[in-house]
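# Coordinate analysis (summary)
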Amino acid sequence: MDLDTNLSLLQLTCPICDRSSVRLFRKNDYWIRECDRCHHQFTEQQPTTKDVSDIYDGQYFQGDGAGYVDYLAEADLLQQLGQYYAEQLGFYVLPGSVLDVGAAAGFILKELLQSGWQGEGLEPNLRIAEFGQQQLDLKMTVGTLENYQTLERFDLVMMIQAIQHFYNLKLALHTASRVTKPGGYWLIETWDRSSLWARMRGRNWHAYTPPSRCHWFSPPGLERLVAEYGFQEIARGSPSKWMNGQYRKSVLRYQLMDKGWGKPLVQGLNLIPDPVKTPYLGGDIFWGLYQKTV
Ligand SMILES: [Zn+2]
């Protein structure tokens, strides 16, 4: 890659409010910056399309650390999460058409369809999308929101653990807005960098995993961002998420390996049996439901 291409990928101003930002710390060879005004956090060097395809090229769903460990083993937990969101949506929205962005195999989407929604998934990883098509009988498009082309309009665009991965946040949300019907909704779930757990962990917070994640939001920051696209917050909550032992160990291992003293503890993690579900109590995940007012 030549120097000019490199420079063009640097993000120095805040992608939400365009104000100046400062470098916070370096993680995985990426600088994480914070906006002077709204305190949004983001990576200085935005990943390229090639980085994105590398990230989602199979490894993400099977490798240790930043991605899901053996994602498919999480099926029952994702189904529970899908039921949770179908129920939450039921308080505010009548079922209609849904686009699930970053659908993975579509376990969450499948639960919505069983609650009266119709729709499809968009997923950058070919292999995992094929699983959804073949095993779950879902309509899936392989690709990213940044490059998504469709003439369809949806009542709901769902972005569960997706927005922090967008390599071009503005382009992605512009597309999301375009494909949302007037009066339609966005359901967004992401990590909360303003949570107590995130602040306690500081730079060792497990959600700081560039380049697979490029943005770290707070609920007010996200509300401000979606307002730029004409969306207004309707509801906000925190999902009750359960993790099985295998995923939990991976997250813990990833955190502990950051610290010299943590390494001996990694051995002890093998004492957690894989199939045991433990509640995820970090309190550092939130969701928001936003309605398009224009
Ligand atoms: Zn900002």
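Residues numbered from 1 in each chain as written. Predicted model: local features only at pLDDT ≥ 70, side-chain atom pairs only at ≥ 80, totals over all residues. Heavy atoms only, no water.

## A word on the packing of aromatic side chains
Going through the model one piece at a time under the given rule, you end up with 10 aromatic pairs. Ring plane angle 70 degrees and centroid distance 5.1 Å describe the contact between tyrosine 84 and tyrosine 85, whose orientation is recorded as edge-to-face. In this structure tyrosine 84 comes out as buried when scored by relative accessible area, which is 16%. Between the aromatic rings of phenylalanine 91 and tyrosine 92, the centroid separation amounts to 6.3 Å while the plane-to-plane angle is 80 degrees, which identifies the pairing as edge-to-face. In this structure tyrosine 92 comes out as partly exposed when scored by relative accessible area, which is 37%. Here a set of aromatic residues connected by ring pairs shows up, and it is made of Phe25, Trp191, Trp205, Tyr208 and Trp216. (Phe/Tyr/Trp six-rings, centres within 6.5 Å; stacked < 30°, edge-to-face > 60°. Buried < 20%, exposed > 50% of the residue type's maximum accessible area, 1.4 Å probe, protein only.)

## Re the sheet that holds strand β5 (residues 118-123)
Strand order across the open sheet formed by seven strands is β6-β5-β4-β7-β8-β13-β10, with mixed pairing between neighbours. A single partner strand is all that each edge strand has here, and the edge strands are β6 (140-142) and β10 (231-237). Sheet twist, expressed as the mean angle between neighbouring strand axes with direction ignored, is 20 degrees. Relative to β5, strand β4 (residues 97-101) runs parallel, the two sharing five bridges. Across the sheet, residue leucine 99 finds its bridge partner in β5, namely glutamate 120. The sheet strands contacting helix α6 (residues 126-135) are β5 and β6, and the helix crosses β6 at an angle near 165 degrees. Across the sheet, helix α7 (residues 169-178) is in contact with β7 (154-160), β8 (180-191), β10 and β13 (285-292); its angle to β8 comes to roughly 140 degrees. (Pairing = 2+ DSSP bridges. Helix = DSSP H or I, 4+ residues; strand = E, 2+ residues; numbered from the N terminus. Axes fitted to C-alpha atoms, helices over the stretch in contact; angles between N-to-C directions. Contact = heavy atoms within 4.5 Å.)

## Regarding the coordination of the zinc ion
Note on the zinc ion: its protein donors are Cys14 (SG), Cys17 (SG), Cys35 (SG) and Cys38 (SG). The metal-donor distances range over 2.2 to 2.4 Å. Relative to the metal, the four donor atoms surrounding the zinc ion lie at angles of 95 to 124 degrees, and the coordination shape comes out tetrahedral. Each donor residue of the zinc ion lies on one chain, and together they are spaced C-x2-C-x17-C-x2-C. Linking cysteine 14 in the loop between α1 (3-8) and β1 (21-27) with cysteine 35 in strand β2 (residues 30-35), this pair joins segments that are 21 residues apart in sequence. Of the two residues, cysteine 14 and cysteine 35, both sit in the buried class. (Donors = N, O, S within 2.8 Å, 3.2 Å for Na, K, Ca; no water. Tetrahedral: all angles 85-135°; square planar, octahedral: opposite > 155°, others 65-115°.)

Function-wise, these values are silent; they only describe arrangement.
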